[in-house]
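Coordinate analysis (summary)
Here is what each chain is made of, one letter per residue.
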Amino acid sequence: MKPFIPVFRPRLPDAERLLPYLRRIDASRIYANWGPLTTELEQRLARTFGLSQPAVVSASSGTAALVGAMLASAGRATSARPLAAVPAFTFVATAIAVEQCGYRPYLLDVDPHDWSLDLEKLERHPLLHQIGLVVVVAPFGRPANQAACRCFRERTGIPVVIDGGGSFEAVCRNPGETLGAIPTALSFHATKSFAMGEGGCVVTTDEPLASDVARALNFGFESSRNSVAASINGKLSEYHAAVGLAELDQWTGTHNAFLDVAQQYRCAFAASLPNHRLVVAPEVASCYALLEAESADAATEIRRHLEESNVDTRLWYGEGLQRHDCYRDLPRDSVDVTQSLAPRLIGLPMACDLTADAIERIVATIGEVAADE
Ligand SMILES: *Cc1c(COP(=O)(O)O)cnc(C)c1O
């Protein structure tokens, strides 16, 4: 049997790179609650996005960041507006976060080209008056359209939160288009391009909203120990901030390595499988190498063949939210695009140090399926 190729192999900062930051924690004896490292991380991230400091609020995960952004901008669900509109084409965390805020997810379909919600269409939705929150997802790290979100919010009065998920690179590349007053939650989970194990942040240029996000992530406390608003504990620890700072130190190298692997994938497909649709950076985040198969059956066949060859794959969003046991019975529109797209988008192995040999083996194995047809 050929060696196993995992679908994703993270490489976070090693112990050597963490040590200077850990020593600072030893000296300060501050371990949580926006200590010096967390504050420095927020400042460095804001600078990376070209924003001033209060714009970034760190969180213990991308899901916590989503809950913080939702509670701060929309509060908990009300009986008049019990629904939160979410795309069916997303990672389950989107639905989990809106439920944590008391909303019933209402599933909508996505556009077949940009894989994202059509907000103009949503404005005319018959259930709009029951929707208390809209979550726009940046699928696979594709850029979210901040202006369209702001326009929807102004025209309907309904709060919008962007689930930026793995869109750190799209945000760095084009902060003007992706960031603004509408809050964007980012995930820094180990499987994302910019990663710290577990972690995330909310980015917004609306300063009062940024304070409300921090409050929502810290028991509803503001300047006293009086809990004044709906909240969770979603704070980042100083230890995770240490990983985040060390990850920022090495980010240029890691990012270039990911982009290089994406380029190698592109060349290998162009040479051997020019009729296959490969989706890699910069179209999506550089932690993804997606193969869009022609049909769900073709995708199953390719995945089965890769598995027999000891190559791991993943449908990162499953077959859409509507296919998860927990979310089958949710109210929804027809979700034809999601139903067609999600089972065809195969996550191929990715790592910043994936070897040329591994890529060759993966592409050759996919080629065998094509040859059998
Ligand atoms: C990764 C991801 C999340 C969840 O982030 P965690 O840090 O794992 O909680 C949410 N939404 C999207 C679109 C993601 O890709």
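Everything here concerns the structure above.
Residues numbered from 1 in each chain as written. Predicted model: local features only at pLDDT ≥ 70, side-chain atom pairs only at ≥ 80, totals over all residues. Heavy atoms only, no water.

1. Examining the nonpolar core
Phe 140, Tyr 265 and Leu 348 are the most contacted members of the largest nonpolar core, which totals 49 residues. Only α10 (238-272), β8 (277-279), β9 (289-292), α11 (296-308), β10 (345-348) and α13 (356-372) provide two or more residues apiece to this core. Considering each element in turn, this core owes the most residues, 7 residues, to α10. In terms of domain composition, this core takes at least three residues from each of domain 1 (15-249) and domain 2 (251-372). Counting 34 residues, the second-largest nonpolar core is a separate cluster that includes Ala 95, Cys 101, Leu 133 and Val 135. (Core = buried A, V, L, I, M, F, W, Y, C linked by side-chain atoms within 4.5 Å. Buried < 20%, exposed > 50% of the residue type's maximum accessible area, 1.4 Å probe, protein only. Helix = DSSP H or I, 4+ residues; strand = E, 2+ residues; numbered from the N terminus. Domains from an automatic or database assignment.)

2. Remarks on the packing of helix α3 (residues 62-74) against helix α9 (residues 207-216)
Where α3 meets α9, the closest approach of the two axes is 8 Å, and the angle between their N-to-C directions is 120°. Put simply, α3 runs oblique to α9. In the packing of α3 onto α9, the handedness of the crossing is right-handed. Contact with α3, carried on its side by Gly 68, Ala 69, Leu 71, Ala 72 and Ser 73, involves Leu 209, Asp 212, Val 213 and Ala 216 of α9 and no other residues of that element. A class-by-class count of the residues in the contact of α3 with α9 yields 6 nonpolar, 2 polar and 1 charged. (Axes fitted to C-alpha atoms, helices over the stretch in contact; angles between N-to-C directions. Parallel < 35°, antiparallel > 145°, perpendicular 65-115°, else oblique. Left-handed = near helix turned anticlockwise from the far one by under 90°. Contact = heavy atoms within 4.5 Å. Nonpolar A, V, L, I, M, F, W, Y, C, P; charged D, E, K, R; others polar.)

3. What to know about the pairing of strand β3 (residues 104-108)
Burial analysis of β3 places 4 of its 5 residues in the buried class, which makes it a mostly covered element. Sheet topology note: the strand β2 (residues 83-87)/β3 ladder contains 5 bridges and is parallel. Note that in β3 the partner of Pro 87 across the bridge is Leu 108. Remark: the β2/helix α4 (residues 93-100)/β3 crossover connection has right-handed handedness. (Pairing = 2+ DSSP bridges. Right-handed = clockwise from strand over helix to strand, strands pointing away.)

4. Considering the sheet that holds β2
Read from one edge of the open sheet, 7 strands run β1-β7-β6-β5-β4-β2-β3, paired in mixed fashion. Bordering the open sheet on either side are β1 (56-59) and β3, each of which pairs with just one other strand. Averaged over all pairs of adjacent strands, the angle between their axes in this sheet comes to 25°, without regard to strand direction. Of the strand pairs in this sheet, β2 and strand β4 (residues 131-137) are connected by 3 bridges, and their pairing is parallel. Each bridged residue has a counterpart across the sheet, and for Ala 84 the counterpart in β4 is Leu 133. Here helix α6 (residues 146-156) sits on the sheet in contact with β4, β5 (160-165) and β6 (184-187), set at roughly 160° to β5.

5. Looking at the state of the cysteines
Scanning the entire structure with this criterion turns up 0 disulfides. Just so you know, Cys 101 is unpaired, no disulfide at all, and the nearest cysteine sulfur is the one on Cys 326, 16 Å from it. A relative accessible area of 0% places Cys 101 in the buried class. For Cys 151, which is in no disulfide, the shortest distance to another cysteine sulfur is to Cys 149 and amounts to 9.9 Å. Residue classification places Cys 151 among the partly exposed positions, given a relative accessible area of 36%. (Disulfide = S-S within 2.5 Å.)

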